[in-house]
Structures are given as structure tokens and as C-alpha cells.
Amino acid sequence: MQGVLHPLSVHLPIAMLFMAFMTMCYWLIRGLATSVFENRIYSLTRFNTAAGLLFVLLSMATGFRDVLAGYWIAFNSPLGKWLYVKIILAVLIVIIYSAFLWQSRKKPQYLQEDPKIMTWCLTTQLVGFLLVLTVTALGTMLVFYPHLLAYNG
């Protein structure tokens, strides 16, 4: 049972935030194609983002537990500096997606009615998802390819 919480908690936030990104893209593409921007799709994006954000926080907590217990890698190991990079990126993910949730609640009846808020929401979803991809790649490298990170850092 040692060290299993973090791997189990990692895949759910990735999936939720990926679904949030995809539903936001679907909302935009469908809206541009049909001129009908559906609030229920946008609401699903907000739900997926909120759930993903909650599970990112859980993942960060279990990750700290695993690192402090030294299951895969520790802060004082040769690869420990990569953990700090991963922590900074994870905190940025929390900030970006929190900003999305904060701004997206300010929308008028329909998001497309306010281009500034719509642009903010689309941008935060894109930047947030790029950060998720980066943290996922870095986590994969730390677990499965640490020799490549040790060589480069």
C-alpha cells in the first residue's frame, strides 16, 4: 500500500482537466459553427475544471506525502530540484484554474456576450492545460526516466 495514493490520485485530475479543456473547445467550435453557444456544455466545463482542481490539490498533498516518505524520489536526492520545478508548475495550475473559475462565474447569461471574459476563459483553459501536460511529462520523466533528467540537470 506504500506509495499508491499518489499514482492513483494523479490520473483523475489529468482526465478531469483534459475533459474541461475538450468541452471548452467543443463549446467554442460548436458555437462558432452553429452560432449556438450552449450553456450546458459550458457548465460541464466549469464542473470538470472544479473537480479537476480539487483532485490536483489532493494529488499535490499525496505527492508531498510520497516525496517526504522517499517512495520514488526525495527533495535531497540528485533529482530533488526537479521536484521544486514540479511544485511551482502545480501551484501555477491551481492559480490558473482558480482564475478560470473566478472569472467564469462573472459571465452574463451567456459567456459569448462578454468577449473579454470569454477570451479570459479560453486563454486560462489553454494555458492551464499546457501546464498540466508539462507537469505530467515531468512526473513521467521523474518516475520512469530519471536518468534523462539527471543527465540534463
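Above this text is the structure in question.
Scoring rules and cut-offs
- Residues numbered from 1 in each chain as written.
- Predicted model: local features only at pLDDT ≥ 70, side-chain atom pairs only at ≥ 80, totals over all residues.
- Heavy atoms only, no water.
- Helix = DSSP H or I, 4+ residues; strand = E, 2+ residues; numbered from the N terminus.
- Buried < 20%, exposed > 50% of the residue type's maximum accessible area, 1.4 Å probe, protein only.
- Contact = heavy atoms within 4.5 Å.
- Areas by Shrake-Rupley, 256 points an atom, 1.4 Å probe, with all protein chains shown as cover.
- Expected span 1.5 Å × (residues − 1).
- Salt bridge = Lys/Arg side-chain N within 4 Å of Asp/Glu carboxyl O.
- Core = buried A, V, L, I, M, F, W, Y, C linked by side-chain atoms within 4.5 Å.
- Polar contact = N/O pair within 3.5 Å; in protein donor to acceptor, adjacent residues only side chain to side chain.
- Patch = residues over 30% accessible without salt bridge, like charges linked within 9 Å, V, L, I, M, F, W, Y side chains within 5 Å.

Chemist: Which residues make up the overall build of the protein, and what values go with them?
Modeler: A tally of regular secondary structure across the protein gives five helices and zero strands. Listing every helix and strand of the protein by position from the N terminus yields α-α-α-α-α. Taken across its 153 residues, the protein has 37% of its residues classed as buried. Sequence separation of at least 24 residues holds for 72% of the intrachain contacts in the protein that already meet a minimum separation of 6. When the accessible surface of the protein is split by element, carbon and sulfur atoms take 73% of a total near 8800 Å².

Chemist: Outline helix 3 (residues 80-104), listing residues and values.
Modeler: Taking 1.5 Å of rise per residue, the 25 residues of helix 3 would be expected to cover 36 Å, and the 36 Å separating its terminal C-alpha atoms lies within 8% of that figure. Among the residues of helix 3, those classed as buried are Gly80, Leu83, Leu89, Ala90, Ile93, Val94, Ile96, Tyr97, Phe100, Leu101 and Ser104.

Chemist: Tell me about the pattern of salt bridges, and please be specific about residues and values.
Modeler: On inspection of all chains with the given rule, the structure shows two salt bridges. One salt bridge in this structure joins Glu38 and Arg30, with 2.8 Å as the shortest N-O distance. Glu38 sits in the buried class, given a relative accessible area of 15%. One salt bridge in this structure joins Glu38 and Arg40, with 2.6 Å as the shortest N-O distance. Three or more residues are tied together by salt bridges with common partners; here these are Arg30, Glu38 and Arg40.

Chemist: Pulling in residues and values, what's your account of the nonpolar core?
Modeler: Among the nonpolar cores identified, the biggest contains 26 residues, and Met24, Trp27, Tyr42, Ile93, Tyr97, Leu111 and Cys121 are the most heavily contacted of them. Of all elements in the fold, only helix 1 (5-34), helix 2 (39-69), helix 3 and helix 4 (115-144) reach the threshold of two or more residues within this core. Per-element tally for this core: the top contributor is helix 3, with eight residues. Leave out the neighbours within four places in its chain, and Cys121 touches Met24, Tyr42, Phe100, Ser104 and Leu111. One finds Leu79, Leu83, Leu138 and Leu149 within the second-largest nonpolar core, a separate group that totals six residues.

Chemist: Which residues make up the side chain of Glu38, and what values go with them?
Modeler: Tracing the backbone through its elements, the reader meets Glu38 in the loop between helix 1 and helix 2. Of the polar contacts made by the side chain of Glu38, one reaches the side chain of Arg30; its length is 2.8 Å. Filtering out sequence-adjacent residues up to four positions away, Glu38 remains in contact with Trp27 and Arg30.

Chemist: Help me get a handle on a nonpolar patch on the surface, residues and values and all.
Modeler: There is a patch of nonpolar side chains on the surface, built from Ile88, Val91, Leu92 and Ile95 and spanning about 340 Å² of accessible area. Structurally, Ile88 can be placed in helix 3. Classification of Ile88 by relative accessible area gives exposed; the value is 54%.

Chemist: How would you explain unusual backbone geometry if you had to name every residue and give the values?
Modeler: Trans is the common state for peptide bonds, and a negative phi is the common state for residues other than glycine. Phi at Ser35 is positive, roughly 65 degrees, even though this residue is not glycine. Relative to the helices and strands, Ser35 is located in the loop between helix 1 and helix 2. For Ser35, a relative accessible area of 61% puts it in the exposed group.

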